[in-house]
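# An overview of the molecular structure
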Amino acid sequence: MWRLRRAAVACEVCQSLVKHSSGIKGSLPLQKLHLVSRSIYHSHYPTLKLQRPQLRTSFQQFSSLTNLPLRKLKFSPIKYGYQPRRNFWPARLATRLLKLRYLILGSAVGGGYTAKKTFDQWKDMIPDLSEYKWIVPDIVWEIDEYIDFEKIRKALPNSEDLVKLAPDFDKIVESLSLLKDFFTSGHKLVSEVIGASDLLLLLGSPGETAFRATDHGSESDKHFRKVSDKEKIDQLQEELLHTQLKYQRILERLEKENKELRKLVLQKDDKGIHHRKLKKSLIDMYSEVLDVLSDYDASYNTQDHLPRVVVVGDQSAGKTSVLEMIAQARIFPRGSGEMMTRSPVKVTLSEGPHHVALFKDSSREFDLTKEEDLAALRHEIELRMRKNVKEGCTVSPETISLNVKGPGLQRMVLVDLPGVINTVTSGMAPDTKETIFSISKAYMQNPNAIILCIQDGSVDAERSIVTDLVSQMDPHGRRTIFVLTKVDLAEKNVASPSRIQQIIEGKLFPMKALGYFAVVTGKGNSSESIEAIREYEEEFFQNSKLLKTSMLKAHQVTTRNLSLAVSDCFWKMVRESVEQQADSFKATRFNLETEWKNNYPRLRELDRNELFEKAKNEILDEVISLSQVTPKHWEEILQQSLWERVSTHVIENIYLPAAQTMNSGTFNTTVDIKLKQWTDKQLPNKAVEVAWETLQEEFSRFMTEPKGKEHDDIFDKLKEAVKEESIKRHKWNDFAEDSLRVIQHNALEDRSISDKQQWDAAIYFMEEALQARLKDTENAIENMVGPDWKKRWLYWKNRTQEQCVHNETKNELEKMLKCNEEHPAYLASDEITTVRKNLESRGVEVDPSLIKDTWHQVYRRHFLKTALNHCNLCRRGFYYYQRHFVDSELECNDVVLFWRIQRMLAITANTLRQQLTNTEVRRLEKNVKEVLEDFAEDGEKKIKLLTGKRVQLAEDLKKVREIQEKLDAFIEALHQEK
């Protein structure tokens, strides 16, 4: 009610102001009235329909005045009765104005106090989330770094200040009484009253403390306004960088937890908890496709255009370190300033439960969490590199394929190439520089290869060689990613930081790139762990001026961001190119199959490995056929071969010297001595050699003899190589000679011929041996003296001058033998002189050595003819032999000698045949199997021995089919993953 009464008073004030215009020219418009007056309904202005706003309940609820103890009010006595309106309307107007002031002031002060109290209540109501801190990001717990709650708390007034802000009602009553006396002077001061009310509203004493408190709270704002814009920008950039790094750490922590969880899942799968068969991962399938393609010879215009990440850079630029950071292990051999990467290394990164590495052609796993396994892996890579490098070379194009698995690894295939060099130093091959360029170009000319260009940031950009090479291979930069390494050294040593920015942005190089990255790969200590390098890299970029000054963006730094970017680019290129590559191989397969049908319609498509297996079976069958040779055949060929080998020694060194003796006793003594010496030194070894050669001949005969229509000449080279290598490896048992020596010595000691059949066999054997020697001797004499008169007349042949001399000498020596048929085997000196003088008398000049050579052949023929005549006489001498040639002039000791030799040959052949069939054939078969196994593992050997258009066509057809099948399987898995 009191509000309505005061509103009526205000309306009367306004009405009186309108009616009485003393001091004001014309009527006062409504717009010039006070705000409070305009906000109230006026009945005298019906066109203005303004409603008074209702009081908000929230004001009453949160008003601080309701909770404060009120002072005891002292109201002045009011006199009831008639009072003129002009005496009360100024007081009522002042009361209304003061009421509005306190409403505004109370709302501000009470609202601030209530907000602070409500915040404290809410804060107490929040539960303790310390146990669940891992769920909330770190930035929530670190919010106090961004919002200064202490400053806010100090800016809010406390309860004592709010009490002071409460109005003093005594002073209000006094002010009202003064205003009543003051306004009785007339309407002249109405406008001044209105101005005073406005002044009181802004600068009244009760509200002075509150406004000063507010002004005091804004002093810090005034202080920040004085800060320059540049400092504000720097501060905001620093806060933004700090926030980005915080989120980066949160992301890394979440990824680490995800990696641990995936590791546990994969370990459970390995243990068979889920009992499901794991399929090959997508990256492993893709790596197998690349391995097959690396062995494929692009003879049909089907090039390998599948993507790879090719890591190129100058020597010691940090290529290997970047690759190790991506693989999260120190897997490569290292050396200060020395070329360590001597051949390309293809590294396939994939996810797995354990951090391990293994080679494509080996089943051994290297645990990358153990230092001894890491050292063994680095040593193995170095050995493989040196093995690939041929003699006289420094680098090799042969690729080493390595798979690295581990939790959290980005899936991709990277190829680490030898570092590009500018100068060939001592110890390098002269063509090392050109070879490295050719290897790098071969990988980078693939239109889908991703080029990871590594540049050392610690050296001058003008010294870089690789950038020119990369710009030639990818001039538009559509598949190049530029990486600046050793940024810590660059920031420390480079005088102008903007130069680093120019390098990162590619302004100092003629090359373009998809993206630019800056990384730190450690402090130069090879013993640093990957985790230590990561921490150092993160700490460096957090404090680096390059990020604070916006020369680098947060996503352009750290090897982790680089790994994510390269992986995304890699899979994008794979998805865009793999189906096109598969279509190319489908067309190639059709062409090859058509060519095979037209050229080899009746043959199966056997590749080199299948042909080798077929040839292997044939060779083993032929080795087994050696065991089917009859014992009689073995003994016959062994005996014949052994006699051919020892016959010259028997005739020349045993029989002829013994036959020159005067009686049978001396003959037998000489024979026994020479046979004993022969048996102890030469005969067993000769026998083993003969047996081994016989085995070789039989083995070769089975290997090379035609098989009719089933014979395939494509295996001839392979069989010959297997035969030679097997014979080379095979050695006769060493104990065979010792046992054979005893047997041969016993056989030669026996002189007893048991029957006439053996006697006749010995004579026959002796005659064959002597006739063979006589034939050889006559051939030698004919070659010495030239053709006889019959050949000269019939075949028009003539003798040379030397042959004429030999012929004259022969005739002179034959005359001497006719005179003395019992002449010994050697000429005396006077006999040589006589022959020479007789020839000189006929005008023939001869040398004594020529006379001796001619005499040797002439006497040999004479002796052999005499021995053959003696054989005919001994045919009927078996009776005298049984009587030991008593009372007989016939002596057939030479027949007994040949019988002993013949018997020794038979016994030796039998012994060797037993060794062959029981031992040596099996050992040869074993050697053949070993040779075939070695050839099966030697790809170059198979390529060399199995050649021809048919083999190459089948080989290409098999590879293309294998590539197509793997590509189809990979594409299907790729679609399933999508």
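These numbers come from a predicted model, not from an experiment. (Residues numbered from 1 in each chain as written. Predicted model: local features only at pLDDT ≥ 70, side-chain atom pairs only at ≥ 80, totals over all residues. Heavy atoms only, no water.)

Another point: the pattern of salt bridges. Counted under the stated rule, the structure contains 40 salt bridges. For glutamate 814, the salt bridge is made with arginine 861, and the minimal N-O distance between the two is 2.5 Å. One end of the pair, glutamate 814, is in helix α31 (residues 801-819); the other, arginine 861, is in helix α33 (residues 848-874), with 47 residues separating them in the sequence. Overall, the relative accessible area of 21% leaves glutamate 814 in the partly exposed class. What emerges from the salt-bridge pattern is a single network uniting Arg589, Glu593, Glu605 and Arg961. (Salt bridge = Lys/Arg side-chain N within 4 Å of Asp/Glu carboxyl O. Helix = DSSP H or I, 4+ residues; strand = E, 2+ residues; numbered from the N terminus. Buried < 20%, exposed > 50% of the residue type's maximum accessible area, 1.4 Å probe, protein only.)

Before going further, it helps to spend a moment on a negative patch on the surface. The grouping of Glu398, Glu930, Glu933, Glu937, Asp938 and Glu940 at the surface amounts to a negative patch. The greatest single-element share of the negative patch, amounting to 3 residues, is contributed by helix α35 (residues 893-937). In this structure, glutamate 930 sits in helix α35. Relative accessible area serves as the criterion here: at 33%, glutamate 930 is assigned to the partly exposed category. (Patch = residues over 30% accessible without salt bridge, like charges linked within 9 Å, V, L, I, M, F, W, Y side chains within 5 Å. Areas by Shrake-Rupley, 256 points an atom, 1.4 Å probe, with all protein chains shown as cover. Lys, Arg positive; Asp, Glu negative; His and termini not counted. Charge placed at Lys NZ, Arg CZ, Asp CG, Glu CD.)

The final tally for this structure, using the stated rule, is 1 disulfide. Sulfur-sulfur distance for the disulfide between cysteine 874 and cysteine 892 comes to 2.0 Å. Linking cysteine 874 and cysteine 892, the disulfide has an S-S dihedral of approximately -100° and is accordingly described as left-handed. A residue pair is termed long-range when its members are at least 10 positions apart, and cysteine 874 in helix α33 and cysteine 892 in the loop between α34 (878-882) and α35 qualify at 18 residues. A disulfide-free cysteine, cysteine 871 has its sulfur positioned 6.6 Å from the sulfur of cysteine 874, the nearest such atom. Judged by its relative accessible area of 0%, cysteine 871 is buried. (Disulfide = S-S within 2.5 Å.)

Across a sheet, paired strands are connected by hydrogen bonds in the backbone, their directions being either parallel or antiparallel. Taken in spatial order, the 9 strands make up an open sheet running β4-β3-β5-β2-β6-β1-β7-β8-β9, and their pairing is mixed. Of all strands in the sheet, those bounded by a partner on one side alone are β4 (366-367) and β9 (515-518). Across 4 bridges, strand β3 (residues 356-359) lies against strand β5 (residues 400-405) in antiparallel orientation. When the sheet's bridge partners are listed, valine 356 is paired in β5 with lysine 405. Each of β2 (345-350), β5 and β6 (412-416) is contacted by helix α13 (residues 282-294), which is oriented at about 160° to β2, the strand it contacts most. Across the sheet, helix α17 (residues 466-473) is in contact with β1 (309-313), β7 (450-456) and β8 (480-485); its angle to β7 comes to roughly 160°. (Pairing = 2+ DSSP bridges. Contact = heavy atoms within 4.5 Å. Axes fitted to C-alpha atoms, helices over the stretch in contact; angles between N-to-C directions.)

Okay, unusual backbone geometry next. Excluding glycine, residues mostly carry a negative phi; peptide bonds, for their part, are mostly trans. Positive phi, close to 65°, is recorded for serine 316, a residue that is not glycine. Assignment of secondary structure puts serine 316 in the loop between β1 and α14 (319-327). Serine 316 sits in the partly exposed class, given a relative accessible area of 43%. Residues other than glycine seldom take positive phi values, yet glutamine 328 does so here, at roughly 65°.

Successive side chains on a regular strand alternate, one facing one side of the sheet and the next facing the other. The buried count for β7 comes to 7 of 7 residues, which makes it a mostly enclosed element. In β7, alternate side chains face the same way, and those of Ile450, Leu452, Ile454 and Asp456 on one face and Ile451, Cys453 and Gln455 on the other are all buried. The sheet contact formed by β1 and β7 spans 5 bridges and is parallel. Paired with glycine 313 across the strands is isoleucine 454, a residue of β7. Bridge analysis of β7 against β8 gives 6 bridges, and the strand direction is parallel. Each residue of the ladder has a partner; that of cysteine 453, found in β8, is phenylalanine 482.

Turning our eyes to something else, we now look at the side chain of threonine 485. When you line up the elements, threonine 485 lands in strand β8. What makes threonine 485 buried here is its relative accessible area of 0%. A distance of 2.7 Å separates a polar side-chain atom of threonine 485 from the backbone oxygen of alanine 317. Apart from residues no more than four positions distant in its own chain, threonine 485 is found in contact with Ala317, Val322, Ile454, Gln455, Asp456, Gly457, Ser458 and Val519. (Polar contact = N/O pair within 3.5 Å; in protein donor to acceptor, adjacent residues only side chain to side chain.)

By size, the foremost hydrophobic cluster in this structure holds 102 residues, and its most contacted members are Tyr655, Trp678, Trp759, Ile901 and Val928. The greatest single-element share of this core, amounting to 17 residues, is contributed by α35. Setting aside residues no more than four positions away along its own chain, tryptophan 759 makes contact with Ile753, Cys874, Arg875, Gly877, Phe878, Tyr881, Phe885, Cys892, Val895 and Val896. One finds Met285, Val404, Ile481 and Leu957 within the second-largest nonpolar core, a separate group that totals 68 residues. (Core = buried A, V, L, I, M, F, W, Y, C linked by side-chain atoms within 4.5 Å.)

When you tally the buried positions in β2, you get 6 out of 6 residues, the bulk of the element. Burial along β2 is two-sided: Val345, Val347 and Leu349 facing one way and Lys346, Thr348 and Ser350 facing the other are all buried. Bridge count for β2 against β5 is 6 bridges, and the pairing is parallel. What sits directly across from lysine 346, in β5, is serine 401. As defined by bridge partners, β2 adjoins β6 across 5 bridges and the pair is classed as antiparallel.

According to the stated counting rule, one finds 16 aromatic pairs in the structure shown. Ring geometry for tyrosine 286 and phenylalanine 570: centres 5.6 Å apart, planes at 80°, overall edge-to-face. Within this pair, whereas tyrosine 286 is found in helix α13, its partner phenylalanine 570 is found in helix α22 (residues 559-599), the two being separated by 284 residues in sequence. In this pair, the class of tyrosine 286 matches that of phenylalanine 570, namely buried. With centroids separated by 5.1 Å and ring planes inclined at 70°, the aromatic side chains of phenylalanine 540 and phenylalanine 541 adopt a geometry described as edge-to-face. Of the two residues, phenylalanine 540 and phenylalanine 541, both sit in the buried class. Through pairs of rings, three or more aromatic residues link up here, namely Trp643, Tyr655, Phe765, Trp855, Tyr859, Phe863 and Phe898. Geometry around phenylalanine 702 places arginine 701 over its ring, the cationic atom sitting 4.6 Å from the centre. Over the aromatic face of phenylalanine 612 sits the side chain of lysine 942, whose NZ or CZ is 5.7 Å from the ring centroid. (Phe/Tyr/Trp six-rings, centres within 6.5 Å; stacked < 30°, edge-to-face > 60°. Lys NZ or Arg CZ within 6 Å of the ring centre and 35° of its normal.)

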